[in-house]
Amino acid sequence: MSTNATALAVLACAGLQGDVVPSEADYYTVDYLAAPEGARLEVGGMDFLPDGSLAVSTRRGQVWIVEDPLAADPKAARFRLFAEGLQEGLGLAVVDGAIVVLQRGELSRLLDADGDGACDTVDTLANDWGNSGHYHEFAFGLPRDRAGNFYIALNVSFGDPQWWHGRSTAPYRGWVMKIAPDGRVEPFASGVRSPCGLGTNAAGDLFLTDNQGDWMPACPIVHVEQGAFYGHPASLNWTDEYRREQRVASDTVPPERERDRPAVWIPYDWSRSAGSLTWDSTQGRFGPFEEQLFVAELTNGMVLRAQLERVQGEYQGAVFPFRSHVGSAVRVLFAEDGTLFTGFTDRGWGGQPPTDGIGRIRWTGRLPMEMRTVQLLQDGFEIEFTKPLAAGAAIAPEQVELVQYDYDWWWEYGSPTRHEARLEVAGVEVSPDRTRLTVRTAALQAGMVARMRLLGVVAEDGTPLLHEEMAYTVNELPEGPRKGLHVAKRVPPPPARERWEEGVLMLSEGDALDVWKGEGWRTGPVKGDPSDPARFVRVEAPEDGSIQEEGELVLSNVVMEGGPEGGAERAGDLVSRLEFGDCDVHVDFMIPKGGNSGVYLMGRYEVQILDSAGKLELAFSDCGGIYQGWGEGNRWPGRAPSFNAFRGPGRWHGLDIRFRAPRFDERGVKIADARFERVMIDDTLLHENVEVPNPTRGGYEGELARGPLRLQGDHGPVAYRSIRVRPRGAEPDAEGWERIFDGKTLEGWRISDDGAWRVEDGMIVGSGAASHLFSPRGDYRDFEFRAKAKINDGGNSGMYFRVAHGPGWPSGYEAQVNSTHTDKVKTGSLYRLSLIKAQLVPPDTWFTQHVVCRDEPEGVHVKIYLNGVLVNDHLDRERRHREGHVAFQQHHDGSVVHYKDVEVRELR
C-alpha cells in the first residue's frame, strides 16, 4: 500500500474523509508583497529598521525601504527606493539604525544625511578582498556576531575548459571573511564554493550553506569555525603555505589538507541551490520549531527546516522539508510577530516562480503533525512528534523505510549517492505518552547519511504526518571512539573532461529546421501560457534584440516547439537528417503542465520527458526514465531514474546523455547491446551503464550501427533548445593518408592576391584581405581531403578541391567553412550545389571537415563529413570540375581561419 493510501485508510478509520487530508497551506500560508509596477526586486539581503520598516538590497544594485511590511493585506505595504547604482547587494544588515550593504567589492554604509528619505552618502567600511572581474565572483552575507563582527563569504569564479571548475584567481575567493567593526578584514575559514547563505543559530554560532558542484557532492550546512577547511581546493591559493611555495591548487587532484565536516548534507532532490538560513527566534509564534534553522532553497522554490544536536562535541543533525511552492527563495528573515519573510531571485540561477520580490510565510495557528526533533542513538533514532500518536498506535518495522548512503568527493559536478543500502529495522517503540518513536537498527554507520521515511503515522486527532521524511547526517555515533569519517569520501578522480564544444555538432542554431524532418514544428521563443499551464504561447522578440527576462530565451537561441496546431492536429516527431552512433548528446527541454515527450537516440532508444513534478516513487515512464522495451517476446522492463530531477513544468531543464551504439560483426549480427553510459538532468546523475537489449517502446524497429536523433512531438507541446551532439569514435581510419602540410612551412604552397597566409604554432593561419592558399600539387581527382579547422566569429572560409590556381575566386568545388558569418551558406555546404543553412559548428572551436570526391558513372560524387558525421551527400551530374588543387579560402578582412592536420588520401 502506498504512503498516501495508508494515511487515507487510517483517516477513514478515524471517521474523517479523504478529501480533508491537510496540506502545507493549512498550517503555513504564503502571500506576496506587491512591488511597484515595473520594479524587479531580485533580493540579495533583508533586515528590519528600528521603526519596523524592512530594508531590502537587490542584485540590481538597489536598496528599497518597505513600510508596513507586516500589514494584514500584502498590497498595503509601501515601497520606497532608498538607493541605486550599487553593485549587486547580496547582503544587508541594519546597524545602529544605518543600512550596511555588502556589494561585490566592498562593505558599504548608506546614510541619509539630509533626511529626505534617500541615500546621499556611501561610506566604505571594508574592501580588502579581490575581484578578477569574473561574473560569478559573488560576495554573500551579512550576519554579525555578538562582538559586532560581520561575516561574508566569497564565491569562486568558474573556469573552462574543465566546465564549472571553481577557480580562485583573486585573493580570498572561496573563503569566509571576518570584518571587525573598525573595518579590518581577516580570513576566517576556507574551502567553500558558492556559499550563498550565512547565518547564526540560537547560540550565536556561525553557519553557512554551499551549493552543489565541483568538490561539493550536494548542498551542505556547515558550522563555520575559524581556520577550518571545507573541501574546495581553489581557496588554498591564499593560504600562507601555498603563497610561500607559489603553488596553485589543482582543480582535479584532491589536496592533502585535512577537511572539516559539514553538519548536514541536504538530499539533492530537496535542495539544489541552498540560500540563507536563520533560526526561529519567535518563541513559538511560528509554530512548534523554536530555535531550529530554516533554510531558503532557490531551485526547488521551497524552505527547509534543520534541527541540529552536538554529538561527540560536533554539530550534526536532521533536515526536513518544510514549505514547498514558495518561490525562488534565496533569503529568509524572521519578524518579531513570527512571520518568515522570504526574498526571491532567479536571473540565471534557475528557480521556481515567483522569481523576484518578497514573500511572507505565516503560521495559521493550527498545529501540524510533524517530526519535531530527531535524536541520534547508538542503534537508531528517537523521534519526537509535535502531537501524540493515535491511541493504541503500534508502528510496525515495515512502516519505516531506512536507507543510508554517502558521496564521492571529487572534481566532478556533484555526486550521486554511493553505497546506498536499505537498513533492516530491528524494532520500533512508542513512548508511553505517545509523543516519541524509537527506531532501532544495528546497521547504522558513522560517515553516512541516514534517510528515513515513516509510513502511515497518524496523530491522535487523525491527521497524518505532514512530511514523512527526514535525512540525518551521521558524522559520528554517540558512543565509542570518534571515527573521523567523512560522508563525502575521497575517491580516485574521474577522467579529465575535454572541452565540450570541440567535436560538437549544433542542431538548433541558424536555420535549424534545415537539418531536421518533421511537421508542425517552428522556431522561435515560447513560454508557459499564464492562462493555461498546459499550453505554450509564443514570445515576441524585442525590436532591440536584447535578452528577455522572465526565463525567456536569449534571442540568438532556437526553440523548437511541437504539439497541437490550432488545438486540432498534433505535430509529428522531429527527426534529424544526420545519423549518429556513439555520441554525447545535450538538449534543453521544457514542457507545460501534463507534458509528455521523449529523446530517442538513433530513433530507437528513449529517455522519457514527462511532467513528473512531486513524484517520490519513480517508474521508467517518469522524467529521465529509460523507457521499457517493445516487440514480441521483449521482456526488458525499462529503468526508472535514480532521482526525480524534474523541477516543474514551464521551466528549462538540461538533459545530458552519453550513449554507446549497438555493435555488429562483419555479417551484421549484433554482438553487443546499446548502452546508456550516463544520463543526467540538470547535472543530476540518473543512470549509469544501462544496457538496452532492444529498441524501447515507440522506437523504430530493428537495430543499426547509426541512426538519427528523434524528438517526440506527437504527445503534446514541448520545446527544445541548445541541441548538441558530439560524435565519439567516428574518425576514419589512418591508413594511406599523406600529410601535405608539415606544420613548419608553406614551402611549395601558392598564395593568390598577395594574401596574408602564415604558419603559427604548427597551424596554417589565414587573415587579412581575400585570398586563397593552393596546395603544391594540382592534379587531385579521386581522393579524400580532411583538415581540422577553426573559424572566428564572423569569419568565412572554405576548403576547395579540384580547383584551378589563379587570382580572384577560383573555379572548383568548395566545402564551406562558416559558423556565424551573415552568408546563409554554413559549414558542411557544397557551395552553390548542396547547401546547409543550419549553423552546425560553433565559432572559435576546432572541428574536422572531411571531403570524399570521386568520379562515378552518373557524375562526380561528393560527400562531406563534419566530426565524422555525414552531413552532405551530392552527385554533380554535370561534372563541373575534373581535377585540380586542394586549397583554402580567406574570405575577407576581419576573418581569421586556422587549419591543421591537413591530409589527403588518393582513391584507386
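The rules behind each value
Residues numbered from 1 in each chain as written. Predicted model: local features only at pLDDT ≥ 70, side-chain atom pairs only at ≥ 80, totals over all residues. Heavy atoms only, no water. Helix = DSSP H or I, 4+ residues; strand = E, 2+ residues; numbered from the N terminus. Rg over C-alpha atoms; globule rule 2.2 N^0.38 Å. Buried < 20%, exposed > 50% of the residue type's maximum accessible area, 1.4 Å probe, protein only. Contact = heavy atoms within 4.5 Å. Areas by Shrake-Rupley, 256 points an atom, 1.4 Å probe, with all protein chains shown as cover. Core = buried A, V, L, I, M, F, W, Y, C linked by side-chain atoms within 4.5 Å. Pairing = 2+ DSSP bridges. Axes fitted to C-alpha atoms, helices over the stretch in contact; angles between N-to-C directions. Phe/Tyr/Trp six-rings, centres within 6.5 Å; stacked < 30°, edge-to-face > 60°. Lys NZ or Arg CZ within 6 Å of the ring centre and 35° of its normal. Polar contact = N/O pair within 3.5 Å; in protein donor to acceptor, adjacent residues only side chain to side chain. pLDDT = per-residue confidence, 0-100. Salt bridge = Lys/Arg side-chain N within 4 Å of Asp/Glu carboxyl O. Disulfide = S-S within 2.5 Å.

Colleague: Break down the overall build of the protein for me, citing the residues and quoting the values.
Modeller: When helices and strands are counted, the protein shows two helices and 65 strands. Its C-alpha atoms give the protein a radius of gyration of 31 Å, within 12% of the compact-globule value 29 Å for 908 residues. Projected onto its principal axes, the C-alpha positions of the protein cover 95 × 75 × 60 Å. Counting across all 908 residues of the protein, residues that qualify as buried make up 60%. Intrachain contacts of the protein at a sequence separation of at least 6 include 65% that bridge at least 24 residues. Element-wise, carbon and sulfur atoms account for 46% of the exposed surface of the protein, whose accessible area totals about 35700 Å².

Colleague: Tell me what's going on with the nonpolar core, and back it up with residues and numbers.
Modeller: Counting 81 residues, the largest nonpolar core has Phe-801 and Phe-888 as the members making the most contacts within it. With five residues, the single largest contributor to this core is strand β58 (residues 783–791). Apart from the residues lying within four places of it in its own chain, the contact partners of Phe-888 are Trp-749, Trp-757, Ile-764, Ser-771, His-772, Leu-773, Phe-785, Ala-787, Gly-798, Met-799, Tyr-899 and Val-902.

Colleague: Can you explain the sheet that holds strand β27 (residues 371–377)? Please cite residues and give values.
Modeller: Sheet architecture is open: four strands sit in the order β27-β28-β32-β31, paired in antiparallel fashion. The open sheet has two edge strands, β27 and β31 (427–430), and neither has a second partner. Here the strands of the sheet are splayed against their neighbours by 15° on average, with no regard to which way each runs. Inspection of the sheet shows β27 paired to strand β28 (residues 380–385) by six bridges, in the antiparallel sense. If you follow Gln-375 over to β28, its bridge partner there is Glu-382.

Colleague: Give me the environment of Leu-507: which residues, what numbers.
Modeller: Mapped onto the fold, Leu-507 is located in the loop between β36 (505–506) and β37 (516–517). Given a relative accessible area of 0%, Leu-507 falls into the buried group.

Colleague: Describe the packing of aromatic side chains, naming the residues involved and giving the relevant values.
Modeller: In this structure the tally under the stated criterion is 30 aromatic pairs. Look at Phe-289 and Phe-294: their rings are 6.4 Å apart centre to centre, the planes differ by 65°, and that puts the pair in the edge-to-face class. Accessibility assignment for this pair places Phe-289 and Phe-294 in one class, buried. Ring geometry for Tyr-780 versus Phe-783: centroids 5.5 Å apart, planes at 45°, classification tilted. Phe-783 carries the same exposure label as Tyr-780, and that label is buried. Among the aromatic residues, those joined into a cluster by ring pairs are Tyr-28, Phe-286, Phe-289, Phe-294, Phe-322 and Phe-334. Here Arg-259 stacks its cationic end above the ring of Trp-409, 3.8 Å away from the centre of that ring. One cation-aromatic arrangement involves Arg-310 over Tyr-315; the distance from NZ or CZ to the ring centre is 4.0 Å.

Colleague: Help me get a handle on the sheet that holds strand β14 (residues 175–179), residues and values and all.
Modeller: If you walk across this open sheet you meet the four strands as β10-β11-β14-β15, and the pairing is antiparallel. The two strands at the open ends of the sheet, each matched to only one other strand, are β10 (139–144) and β15 (185–190). Each strand axis lies, on average, 25° off the axis of its neighbour in the sheet, ignoring direction. Sheet topology places strand β11 (residues 150–154) next to β14; four bridges connect them, and they run antiparallel. Within the sheet, the bridge partner assigned to Ile-152 lies in β14 and is Met-177.

Colleague: So, the side chain of Asp-356: which residues are in play, and what are the values?
Modeller: In this fold, Asp-356 is placed in the loop between β25 (340–344) and β26 (357–363). Only 3.0 Å separates the side chain of Asp-356 from the side chain of Arg-40, close enough to count as a polar contact. Excluding its chain neighbours within four sequence positions, the residues that come into contact with Asp-356 are Ala-39, Arg-40, Leu-41, Glu-42 and Phe-344.

Colleague: Can you lay out unusual backbone geometry for me, pointing to particular residues and giving the numbers?
Modeller: In terms of backbone geometry, most residues other than glycine have negative phi values and most peptide bonds are trans. Even without glycine at this site, Gln-246 takes up a positive phi of about 55°. Here Gln-246 shows up in the loop between α2 (240–245) and β19 (264–266). Even without being a glycine, Arg-802 presents a positive backbone phi close to 50°. Among the secondary structure elements, Arg-802 is positioned in strand β59 (residues 797–803).

Colleague: Lay out the confidence of the model for the protein with the relevant residues and their values.
Modeller: Per-residue pLDDT for the protein averages 90, and the proportion of residues at 70 or more is 92%. Every residue in residues 541–559 scores below 50 in pLDDT, and together they form 45 contacts with partners more than four places removed in sequence or on other chains. Across residues 563–568, where pLDDT falls below 50, the model places 12 contacts with residues more than four positions away in sequence or in other chains.

Colleague: Quick rundown of the pattern of salt bridges? Include the residues and the values.
Modeller: By the definition in use, this model includes 63 salt bridges. Residue Glu-245 pairs with Arg-247 through a salt bridge whose shortest N-O separation is 3.3 Å. By relative accessible area, which is 36% here, Arg-247 ends up partly exposed. Of the charged contacts, one joins Lys-670 and Asp-673 as a salt bridge, the two residues approaching to 2.8 Å between their closest N and O atoms. On the basis of relative accessibility, which here comes to 27%, the residue Lys-670 falls in the partly exposed class. Judged by relative accessible area, which is 21%, Asp-673 ranks as partly exposed. Beyond isolated ion pairs, a larger network of salt bridges with shared partners links Asp-408, Glu-412, Arg-418, Arg-678 and Glu-688.

Colleague: How would you sum up the pairing of strand β61 (residues 847–856)? Please name residues and give values.
Modeller: Extensive coverage of β61 is indicated by the burial of seven of its 10 residues. Strand direction decides the pairing type here: β58 and β61, joined by seven bridges, are antiparallel. Each bridged residue has a counterpart across the sheet, and for Phe-783 the counterpart in β61 is Cys-853. Adjacent in sequence and paired antiparallel, β61 and strand β62 (residues 859–866) are bridged by two residues.

Colleague: Residue-level account of the state of the cysteines, with values.
Modeller: Taken as a whole and judged by the stated rule, the model has zero disulfides. Summary of cysteine pairing: Cys-583 is not part of a disulfide, and the nearest cysteine sulfur, belonging to Cys-623, is at 19 Å.

Colleague: Can you break down the environment of Asp-406 residue by residue, with the values?
Modeller: If you trace the backbone, Asp-406 turns up in strand β29 (residues 400–409). Placed 103 residues apart in sequence, Asp-406 and Glu-509 show a C-alpha to C-alpha distance of 41 Å. The contacts of Asp-406, once residues within four sequence positions are left out, are Pro-416, Thr-417, Arg-418, His-419, Gly-447, Met-448, Val-487 and Lys-489. Polar side-chain contacts of Asp-406 include one of 2.8 Å to the side chain of His-419.

Colleague: Describe the pairing of strand β7 (residues 98–102), with residues and values.
Modeller: Buried residues dominate β7, accounting for five of its five residues. When strand β6 (residues 92–95) meets β7, the two strands line up antiparallel, connected through four bridges. Paired with Val-94 across the bridge in β7 is Ile-99. As consecutive antiparallel partners, β6 and β7 are separated by two residues, and within that stretch Asp-96 has a phi angle of approximately 50°, a positive value. Bridge count for β7 against strand β8 (residues 107–111) is four bridges, and the pairing is antiparallel. Note on β8: the bridge partner recorded for Leu-102 is Leu-107. Hairpin connection of β7 to β8: four residues between the antiparallel strands.

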